[in-house]
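Listed below are the residues making up each chain.
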Amino acid sequence: MALWRWLGETARELRADGRAELAESLVRLAQMAAEGQADAAAEAVPAAERIAAGDTAPSWAAALVGHWPLAARVGDRAEGESVLPAALARLRASHASSGGAAGCGPAACAAELVLECYTNIDGPGHVVDRATLVAESLGHTRPGEPAWEALVLAQADMLIDDERPDEAIRELDTRAAAARADGSGVSLGYAFGYVRALRHLDRFDEALSALERVEAGMTAAWPGAAARAAARRRTAVERARVLAWLARVGRRPPEEARAALPELREADAHPRMRPGWAEAAEHLVAAGALDNDWRLGTTLTSWTRYFERVGSHRLCLRVGLVAARLAVARGARWTADCTLRRAERSLQRVRREAEEFGDLEEIRAEAARRGPREAPVAAEEVLPMLRGQSPEDVDPEHQADLVRTALAERPGDASLLNALGQVGRTLALSDAAAELHWPRVRAVPGDQKAALSLMETLLADRDTAGLRALVRLLTDAAVPPSAPTGAATAAPAHRTVAADPTPAPAG
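Residues numbered from 1 in each chain as written. Predicted model: local features only at pLDDT ≥ 70, side-chain atom pairs only at ≥ 80, totals over all residues. Heavy atoms only, no water.

Draft legend 1. Geometry of the overall build of the protein chain. For the protein chain, the count of helices and strands is 26 helices and 0 strands. Judged by the C-alpha coordinates and their principal axes, the protein chain covers about 85 × 70 × 35 Å. By the burial criterion, 50% of the 507 residues in the protein chain qualify as buried. Long-range pairs, those at least 24 residues apart, make up 67% of the contacts in the protein chain with a sequence separation of at least 6. When the 62 positive and 72 negative side-chain charges of the protein chain are each reduced to one mean point, those points stand 2 Å apart. (Helix = DSSP H or I, 4+ residues; strand = E, 2+ residues; numbered from the N terminus. Buried < 20%, exposed > 50% of the residue type's maximum accessible area, 1.4 Å probe, protein only. Contact = heavy atoms within 4.5 Å. Lys, Arg positive; Asp, Glu negative; His and termini not counted. Charge placed at Lys NZ, Arg CZ, Asp CG, Glu CD.)

Below you can see the structure in the form of structure tokens.
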């Protein structure tokens, strides 16, 4: 029985027993988790916990209430290290009290949260941890329970990450047969396990057929708006990825594959979609069905920065490799360099990285072969030239490369640094722009133009730690050295920092 069917039936039973408030709380929290509304779910938990703590509430209700905010973070939000401590704490609390997963209840096991965290952080590198945890937890569930099915799918994912997709299919077949023998069967969501395994076996036509069956049965399988929307998103991104690959190798029309790609704003809103979306986009670019422009690059940059921030290093690496290849292909050197550095940081935080290390070396070699972008004018003429560009000719990545080239000749030039900060904000590379800006401000803290420009970049990047460091630096620089006793200390002169008349190079 799928989670959503179980929730629907359980909610009806609770309402019939006069516990409608508990039923509504459980369904609402599950819907928030499916939509990735982690903050809203966390805010709703205290009131739901009070209801679930009542004498007439089922024994599993309190645990299920607390499950959903973390489920939103590791699921739709695709968080990793940022949520792992909380997930592990919940696992220990749930399993220690009963000597196993029996304390979790039938709908969800606390092990699911940790398994998803491990997958986001470094799926292939955590296969041993995942295999051990799945084996321990499955023994305390039974076919027909949503927790059982979730753990079976987690086991299949682990086998695929361990480069055993054929074994994953056999495991899914075996578990499905056991569920049918038990009289419960498996849900349509079980098909996603097959789809992923088939993709890894290069059986793309079979994967596409499985997705078509999911689409055909979606209305009946996932009653309820949030549940169906989540299933539709997963189906859409999987279908786009399969069709994009088939278009790349000439087996499906590129136009069909492009039409299947979900809207960018949807992947922006739901981080779980992003790795699949990025992979499909790279195939579509290769097939000539999608523009490889700076806007695509900025999107992928923002996604890699998100995954790095939440500690989902394997996901950051996967999207980063796509972003770096595309940046090198379109000649965006600064974007490519920054993306390669971020991917290298992620590579250092994962295990079993041989294949990705080889990919990085290939990208780095191709970038080196292409060489740096040469400025068509002298360094001091770069900014006037950029100001003279017409709006239709503006390419922020091209502008950034020209400014970086000029900075190589004029390091510390406040106007160039200001321009780089502005274009960096456009390209979601504020962190990289700030990194180049700091040496100038540290060396000459009295350069108010440079300090103001850095502050704007840090504010745009929401870099609270950087802002504190900047304030300390400027404060320390403004305090005069201790004067001899009796000597008059002149008050520091206060000057108004005029706005930089130089317009942002990015349009």
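Now that the structure is up, let's keep going.
Draft legend 2. A look at helix H2 (residues 20-34). With 15 residues, H2 should cover 21 Å at 1.5 Å per step; its first-to-last C-alpha distance of 21 Å lies within 8% of that length. After H2 finishes, the residue Gly36 shows a positive phi value of roughly 75 degrees. (Expected span 1.5 Å × (residues − 1).)

Draft legend 3. Quick peek at the nonpolar core. Counting residues in hydrophobic clusters, the biggest one holds 116 residues, and the most contacted among them are Leu29, Leu64, Trp68, Trp222, Trp277 and Leu300. Not counting residues up to four positions away in its chain, the partners in contact with Trp277 are Val237, Leu261, Pro262, Glu263, Leu264, Ala267, Leu296 and Trp303. By size, the runner-up hydrophobic cluster in this structure holds 21 residues, among which are Val382, Leu386, Ala400 and Ala432. (Core = buried A, V, L, I, M, F, W, Y, C linked by side-chain atoms within 4.5 Å.)

Draft legend 4. Here's a closer look at empty space enclosed by the protein. Scanning the entire structure with this criterion turns up 1 cavity of 30 Å³ or more. The calculated volume of the largest cavity comes to roughly 60 Å³. Around the largest cavity sit Ala63, Leu64, His67, Arg90, Ser94, Cys104, Ala108, Cys109 and Ala110, which together line it. Elements with a contribution of two residues or more to the lining of the largest cavity: helix H4 (61-74) and helix H5 (84-96). (1 Å grid on protein atoms, 1.4 Å probe; cavity = no way out; pocket = protein on both sides within 12 Å on 5 of 7 lines; lining within 4 Å. Points joined across faces, edges and corners; volume = space filled by probe spheres on them.)

Draft legend 5. How the structure looks around the packing of aromatic side chains. Tallying each qualifying case throughout the model produces 5 aromatic pairs. Ring geometry for Phe204 and Trp245: centres 6.0 Å apart, planes at 35 degrees, overall tilted. Of the two residues, Phe204 sits in helix H11 (residues 204-216) while Trp245 sits in helix H13 (residues 225-248), which places them 41 residues apart along the sequence. By relative accessible area, which is 10% here, Phe204 ends up buried. Among the residues examined, Trp245 registers a relative accessible area of 30% and is labelled partly exposed. Geometry around Tyr306 places Arg274 over its ring, the cationic atom sitting 5.0 Å from the centre. (Phe/Tyr/Trp six-rings, centres within 6.5 Å; stacked < 30°, edge-to-face > 60°. Lys NZ or Arg CZ within 6 Å of the ring centre and 35° of its normal.)

Draft legend 6. Spatial organisation of the state of the cysteines. Considering all chains together, one arrives at 0 disulfides under this definition. In this structure Cys104 is a free cysteine whose sulfur lies 3.8 Å from that of Cys109, the closest cysteine sulfur available. Taking relative accessible area as the criterion, Cys104 reaches 6% and is therefore assigned buried. Just so you know, Cys338 is unpaired, no disulfide at all, and the nearest cysteine sulfur is the one on Cys316, 13 Å from it. Judged by its relative accessible area of 7%, Cys338 is buried. (Disulfide = S-S within 2.5 Å.)

Draft legend 7. Representation of the packing of helix H8 (residues 146-161) against helix H10 (residues 191-200) in the model. Look at H8 against H10: their axes get within 10 Å of each other, and the N-to-C directions meet at 10 degrees. The angle between H8 and H10 places the two elements in the roughly parallel class. On H10, the residues that touch Leu153, Asp157, Ile160 and Asp161 of H8 are Gly193, Arg196, Ala197 and His200. Grouping the constituent residues of the contact of H8 with H10 by class yields 3 nonpolar, 2 polar and 3 charged. (Axes fitted to C-alpha atoms, helices over the stretch in contact; angles between N-to-C directions. Parallel < 35°, antiparallel > 145°, perpendicular 65-115°, else oblique. Nonpolar A, V, L, I, M, F, W, Y, C, P; charged D, E, K, R; others polar.)

Draft legend 8. Structural context of the confidence of the model for the protein chain. Per-residue pLDDT for the protein chain has a mean of 91; in total, 93% of the residues score no lower than 70. Within the model, pLDDT remains below 50 along residues 485-507, and this stretch shows 26 contacts once partners closer than five positions in the same chain are excluded. (pLDDT = per-residue confidence, 0-100.)

Draft legend 9. Structural detail: H4. Here H4 contains 14 residues, and its C-alpha end-to-end distance of 21 Å stays within 8% of the 20 Å for a straight helix at 1.5 Å per residue. Residue Trp68 marks the point of greatest curvature in H4, where the axis turns by about 30 degrees; the proline Pro69 follows within four residues. Looking only at H4, the buried set comprises Ala61, Leu64, Val65, Gly66, His67, Trp68, Pro69, Leu70, Ala71, Ala72 and Val74. Against the buried residues of H4 lie helix H1 (3-16), H2, helix H3 (38-52), H5 and helix H6 (110-122). (Bend = angle between axes of the 7 residues up to and from the residue.)

Draft legend 10. Focus on the pattern of salt bridges. The tally for this structure, following the rule as stated, stands at 43 salt bridges. Here Asp205 ties to Arg251 by a salt bridge, and the two come within 2.4 Å at their closest N and O atoms. Here Arg251 lies in the loop between H13 and helix H14 (254-260) and Asp205 lies in helix H11, a separation of 46 residues in the sequence. For Asp205, a relative accessible area of 39% corresponds to the partly exposed category. Of the residues examined, Arg251 reaches a relative accessible area of 46% and is grouped as partly exposed. (Salt bridge = Lys/Arg side-chain N within 4 Å of Asp/Glu carboxyl O.)

Draft legend 11. Looking closely at the packing of H13 against helix H16 (residues 274-286). Remark: H13 packs on H16, axes separated minimally by 8 Å, with the N-to-C direction vectors making an angle of 25 degrees. Viewed along their axes, H13 and H16 adopt a mutual orientation that is roughly parallel. Note that H13 runs across H16; the crossing there is left-handed. Residues Val237, Ala240, Arg241, Ala244, Trp245 and Arg248 of H13 form the contact with H16, whose participating residues are Gly276, Trp277, Glu279, Ala280, Glu282, His283, Leu284 and Ala286. For the contact of H13 with H16, the residue count by class is 8 nonpolar, 2 polar and 4 charged. (Left-handed = near helix turned anticlockwise from the far one by under 90°.)

Draft legend 12. Examining unusual backbone geometry more closely. Non-glycine residue Glu163 carries a positive phi angle of around 65 degrees. As for its placement among the helices and strands, Glu163 is situated in the loop between H8 and helix H9 (165-181). We classify Glu163 as exposed; its relative accessible area is 62%. One non-glycine residue, Arg352, adopts positive backbone phi at about 50 degrees. Checked against the element boundaries, Arg352 lands in the loop between helix H19 (333-347) and helix H20 (354-370).

Draft legend 13. Region of interest: the side chain of His67. Structurally, the position occupied by His67 is in helix H4. Look past the residues within four positions of His67 in its chain and what remains in contact with it is Arg90, Ala108, Cys109, Glu112 and Leu113.

Draft legend 14. Broad picture of the environment of Arg314. With respect to the helices, strands and loops of the structure, Arg314 is situated in helix H18 (residues 313-329). On the basis of relative accessibility, which here comes to 5%, the residue Arg314 falls in the buried class. Along the primary structure Arg314 and Arg203 are separated by 111 residues, whereas in three dimensions their C-alpha atoms are 24 Å apart. Setting aside its immediate chain neighbours within four residues, Arg314 contacts Thr119, Asn120, Ile121, Asp122, Gly123, Pro124, Gly125, Val350, Arg351, Arg352 and Glu356. From its side chain, Arg314 meets the backbone oxygen of Arg351 in a polar contact 2.7 Å long. (Polar contact = N/O pair within 3.5 Å; in protein donor to acceptor, adjacent residues only side chain to side chain.)

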